[in-house]
Amino acid sequence: MGNAPKVTIFLWSYNHAKYLRDSIESLLHQTFTDFELFIEDDASSDQSWAIIQSYKDPRIVSHRNFTNRNDSEWFKKVVSELSSGIYIAIHHSDDIWYLDKLEKQVSFLDNHPEIGAAFTNITIIDEDSHPFEDENHFYYKIFDQPNRSRFEWLNYFFYNGNALCHPSVLIRKECFKECGFYRTGLAQLGDFDMWVRLCFKYEIYVLPEKLVRFRVRANEMNFSGNRLETRIRDQFENLQVINLYRQINSFDDLLKIFPETTKFDLSGKHDLGYALAMISLEGKTQRVNKLFGLQLLFEALNSPNRAREIESLYNFTQRDFLILTARHDPFSIELQLKYNSQDNDPTIITSSPTWKMAVFLENIKNKLFPPFSLRLRMAKWIAQRLFFFL
């Protein structure tokens, strides 16, 4: 081992005494040995800290929070002040690495300086370290992903969410300097938020080998498991991630991420924010995408110069915007009405005949005059002239 370890491993630990020894052992017995290991225990109430303290390996530096903080402050200090590695690896106290994980990732990054971070494929295990067999579970195949360019990943993230395994990453330290650290206030999607920021600056790669055993806990006890509080929090955190797409500052980059926006480039003239808003509202995007799109349009309409340009380019006015704010339901008002109906039957929608008629007529209009079509633009142009003469 050299004087300055090449890899810094950071292990987050919290109340995983049952798994912690297997997790630490999988690091200490790596075939690649030139590393330092920083372990942070976030005030575990079980025997985790005693287990950590039982290891005397000189590569280990341990730290314990006296109260549960659920933040990344010590991680920031480690990476920015204490670490020697040029590569940073993340590990969780309930997961297990295959023994050749670091060797293969370090070799890959050494030979591909254009890649900012290398992830790996994974094996899913259950509470008792057996192969995970629930094929209907969210985690069962979510990490089985092909490799993509950074622009293709940004497209995937926008429409689908995260699909990269956090404890599989090996990332260059410089990436944190360029992209920032995990943001405060994100309990569940801090890693997803980081991957989006990373892909705005760096290419990434997923090694096809299964080099991590990722544990899916029973009763949805993973930190981001499918529980009421995580489902509620997920909406807010997703909105913060989607807002990162505001940093797209050229239409060329927008086209690289979203090739479908080419229809909003009219003879070299376009409004980037309008195009991004419209693809947020189209198709089967998430509710937070809809809210993001409506917010972009609201801001555009309240900028007089942009509002005039958008009307000139796309025949889009405040009236069109108000139709969109009634059509899209990012706050799930209709869903709440379903569950608040007098029979408490989620299949009953308490919508009035007037509303149903409005929806019916709107659907007919969309069939006759599809959104963004030449037919709709011509109809608006004719209607405006007729109104002027009347």
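Refer to the structure above for everything that follows.
Reading the values: rules and limits
Residues numbered from 1 in each chain as written. Predicted model: local features only at pLDDT ≥ 70, side-chain atom pairs only at ≥ 80, totals over all residues. Heavy atoms only, no water. Helix = DSSP H or I, 4+ residues; strand = E, 2+ residues; numbered from the N terminus. Contact = heavy atoms within 4.5 Å. Areas by Shrake-Rupley, 256 points an atom, 1.4 Å probe, with all protein chains shown as cover. Core = buried A, V, L, I, M, F, W, Y, C linked by side-chain atoms within 4.5 Å. Buried < 20%, exposed > 50% of the residue type's maximum accessible area, 1.4 Å probe, protein only. Pairing = 2+ DSSP bridges. Axes fitted to C-alpha atoms, helices over the stretch in contact; angles between N-to-C directions. Parallel < 35°, antiparallel > 145°, perpendicular 65-115°, else oblique. Left-handed = near helix turned anticlockwise from the far one by under 90°. Nonpolar A, V, L, I, M, F, W, Y, C, P; charged D, E, K, R; others polar. 1 Å grid on protein atoms, 1.4 Å probe; cavity = no way out; pocket = protein on both sides within 12 Å on 5 of 7 lines; lining within 4 Å. Points joined across faces, edges and corners; volume = space filled by probe spheres on them. Salt bridge = Lys/Arg side-chain N within 4 Å of Asp/Glu carboxyl O. Phe/Tyr/Trp six-rings, centres within 6.5 Å; stacked < 30°, edge-to-face > 60°.

Participant: Hey, could you run me through the overall build of the protein in this one?
Facilitator: Regarding its fold elements, the protein presents 16 helices and 8 strands. Within the protein, residue pairs in contact and separated by at least 24 positions form 71% of the contacts whose partners lie at least 6 positions apart. A total of about 20,500 Å² of accessible surface is found on the protein, and carbon and sulfur atoms cover 54% of it.

Participant: So what exactly am I meant to see when it comes to the nonpolar core here?
Facilitator: One recurring pattern in soluble globular proteins is that nonpolar side chains are buried together. Counting residues in each nonpolar core, the largest one holds 104 residues, and the members touching the most others are Val-7, Phe-157 and Tyr-245. At 8 residues, helix 10 (residues 272-281) tops the list of elements feeding residues into this core. Every residue in contact with Phe-157, bar those within four places of it in the chain, is listed here: Asn-162, Ala-163, Leu-164, Phe-192, Trp-195, Val-196, Cys-199 and Tyr-245.

Participant: What am I meant to see in the side chain of Ser-48 here?
Facilitator: Looking at the secondary structure, you find Ser-48 in helix 2 (residues 48-53). With residues up to four places along the chain from it excluded, the contact list for Ser-48 reads Ser-13, Asn-15, His-16, Ala-17, Leu-20 and Asp-41.

Participant: Please explain the pairing of strand 6 (residues 115-125) as it appears in this structure.
Facilitator: Looking along a regular strand, one sees the side chains alternate between the two faces of the sheet. Burial of strand 6 is extensive: 10 of the 11 residues sit out of reach of the surface. Pairing of strand 6 with strand 8 (residues 203-215), which is carried by 10 bridges, proceeds in the parallel orientation. Looking at strand 8, one finds that Ile-125 is bridged to Arg-215. Relative to strand 7 (residues 170-172), strand 6 runs antiparallel, the two sharing 2 bridges. Following the sheet pairing, Ala-117 is matched in strand 7 by Ile-171.

Participant: Just to check I follow, could you spell out the packing of helix 11 (residues 287-301) against helix 13 (residues 318-327) for this structure?
Facilitator: The packing of two helices is summarised by the inter-axis angle and the distance between the axes. Between helix 11 and helix 13, whose axes approach to 11 Å, the crossing angle comes to 160 degrees. What the angle tells us is that helix 11 and helix 13 run roughly antiparallel. Helix 13 is crossed by helix 11, and the crossing has left-handed handedness. Side by side, helix 11 and helix 13 meet where Leu-294, Leu-297, Phe-298 and Leu-301 of the first sit next to Gln-318, Phe-321, Leu-324 and Thr-325 of the second. Here the contact of helix 11 with helix 13 is built from residues that sort into 6 nonpolar, 2 polar and no charged.

Participant: Which parts of the structure should I look at to understand empty space enclosed by the protein?
Facilitator: A water-sized probe, rolled over the atoms, reveals where empty space remains. In the structure shown here, the tally under the stated rule is 1 cavity of 30 Å³ or more. For the largest cavity, the calculated volume is near 40 Å³. Lining the largest cavity are Phe-119, Thr-120, Phe-143, Ala-163, Leu-164, Cys-165, Ser-168 and Val-206.

Participant: Just checking my understanding: could you explain the pattern of salt bridges for this structure?
Facilitator: Where side chains of opposite charge bring their charged atoms close, a pairing between them can arise. Within this structure, the stated rule accounts for 16 salt bridges. Residue Arg-183 pairs with Asp-193 through a salt bridge whose shortest N-O separation is 2.7 Å. With Arg-183 in the loop between helix 6 (173-179) and helix 7 (190-199) and Asp-193 in helix 7, this pair connects stretches of sequence that are 10 residues apart. Residue classification places Arg-183 among the partly exposed positions, given a relative accessible area of 35%.

Participant: Even after reading the chapter, I still don't get the packing of aromatic side chains, so can you show me in this structure?
Facilitator: For any pair of aromatic rings, geometry is given as the distance between the ring centres together with the angle between the planes. In this structure the tally under the stated criterion is 30 aromatic pairs. Between the aromatic rings of Phe-158 and Tyr-245, the centroid separation amounts to 5.0 Å while the plane-to-plane angle is 70 degrees, which identifies the pairing as edge-to-face. In this pair, Phe-158 sits in helix 5 (residues 150-160) while Tyr-245 sits in the loop between helix 8 (228-242) and helix 9 (251-257), placing the two residues 87 residues apart along the sequence. When its relative accessible area of 1% is taken as the criterion, Tyr-245 is described as buried. Relative to Tyr-314, the ring of Phe-264 has its centre 6.2 Å away and its plane inclined at 75 degrees; by these criteria the two rings are edge-to-face. Separated by 50 residues along the polypeptide, Phe-264 in the loop between helix 9 and helix 10 and Tyr-314 in helix 12 (residues 304-314) bring together distant segments of the chain. Residue Phe-264 shares its accessibility class with Tyr-314, and that shared class is buried.

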